[in-house]
Amino acid sequence: QVQLVESGGGLVQAGESLRLSCAASGRTFSSYTMGWFRQAPGKEREFVGAVSRSGGSTYYELSVRGRFTISRDNAKNTVYLQMNSLKPDDTAVYYCAASGRAGWPAYEYDYWGQGTQVTVSS
């Protein structure tokens, strides 16, 4: 029902910033809670944060609070992940995901992008 395409990943040095974008198809984008996840090699997929349907609420995993900011522009069907003060431990493939579930925060996500690689060198 919705396709998600991440972009903006790359190679940066520790302390630098990246802004990831996730472009969504469809005309029901505002009906979805949007989340960001990441997965490093050999590690489990990890929740990064989420933004509510209207963009009025955000929630972040502890390790990124104060450094990462999630926002969305429903008119553009796009959600963003601004990553500041990047650390080598942030290195991972980052995925955006959409949840059609009711409630906040969302625990299950229905649609996933293909991911974009973020590599932070020391």
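Just above sits the structure.
Procedures and definitions
Throughout this description, residue numbers start from 1 for each chain and increase along the sequence as written. Selection of residues for local features in this predicted model requires a pLDDT of at least 70, selection of side-chain atom pairs for listing and counting requires 80 or more, and totals for whole chains, interfaces and linings are taken over all residues. Side-chain descriptors were evaluated using all non-hydrogen atoms of the structure, hydrogens and water having been removed beforehand. Only DSSP runs of H or I covering at least 4 residues are called helices, and only runs of E covering at least 2 are called strands; the numbering of each starts at the N terminus. Relative accessibility under 20% of the residue-type maximum defines a buried residue, over 50% an exposed one, and the middle range a partly exposed one, all with a 1.4 Å probe and only protein chains included. By definition in these notes, contact holds between two residues if any of their heavy atoms fall within 4.5 Å. Exposure was quantified through the Shrake-Rupley algorithm and a 1.4 Å probe, taking into account, for residues, occlusion by the shown protein chains and nothing else. Two strands qualify as a pair provided that DSSP identifies no fewer than 2 bridges between them. To get an axis, a line is fitted to the C-alpha atoms, and for a helix only the part in contact is used. The angle between two axes follows their N-to-C directions and goes from 0 to 180 degrees. Whenever a pair of cysteine sulfur atoms sits within 2.5 Å, that pair is classed as a disulfide.

*Asks:* Describe the overall build of the protein chain, with residues and values.
*Replies:* Within the protein chain, the regular secondary structure consists of 0 helices and 11 strands. Put simply, the protein chain runs from its N terminus to its C terminus through helices and strands in the order β-β-β-β-β-β-β-β-β-β-β. Each principal axis of the C-alpha distribution contributes one length, and for the protein chain these read about 40 × 25 × 25 Å. Each of the 122 residues in the protein chain was classed as buried or not, and the buried ones make up 41%. A separation threshold of at least 6 residues defines the contact pool for the protein chain, and within that pool the share at least 24 residues apart is 56%. Accessible surface for the protein chain amounts to roughly 6,400 Å². Of this, 46% is attributable to carbon and sulfur atoms.

*Asks:* Can you tell me about the pairing of strand S5 (residues 46-51), naming the residues and giving the values?
*Replies:* Looking at chain direction, strand S4 (residues 33-39) and S5 are connected through 5 bridges and run antiparallel. Paired with Arg38 across the strands is Glu46, a residue of S5. Where S4 folds back onto S5 in an antiparallel hairpin, the turn is made up of 6 residues, including Gly42, whose phi is positive at roughly 75°. Here 3 bridges tie S5 to strand S6 (residues 58-60), and the two strands are oriented antiparallel to one another.

*Asks:* Explain the sheet that holds strand S8 (residues 78-83) to me, and be specific about the residues and the numbers.
*Replies:* Strand order in the open sheet made by the 4 strands is S1-S3-S8-S7, with antiparallel pairing throughout. Since the sheet does not close on itself, it has two edges, and those belong to strand S1 (4-7) and strand S7 (68-73), each with one partner. Here the average twist between neighbouring strands, direction ignored, is 15°. Inspection of the sheet shows strand S3 (residues 18-24) paired to S8 by 6 bridges, in the antiparallel sense. Residue pairing for S8: Ala23 is matched across the bridge by Thr78.

*Asks:* Can you tell me about the state of the cysteines, naming the residues and giving the values?
*Replies:* Following the criterion strictly, the structure yields 1 disulfide and no others. One disulfide in the model links Cys22 with Cys96; its S-S distance is 1.9 Å. On the S-S bond that ties Cys22 to Cys96, the torsion sits near 55°, and the link is right-handed. Residue Cys22 is found in strand S3, and its partner Cys96 is found in strand S9 (residues 92-99); the two are separated by 74 residues along the sequence. Under the relative-accessibility criterion, Cys22 is labelled buried at 0%. Its relative accessible area of 0% is what places Cys96 among the buried residues.

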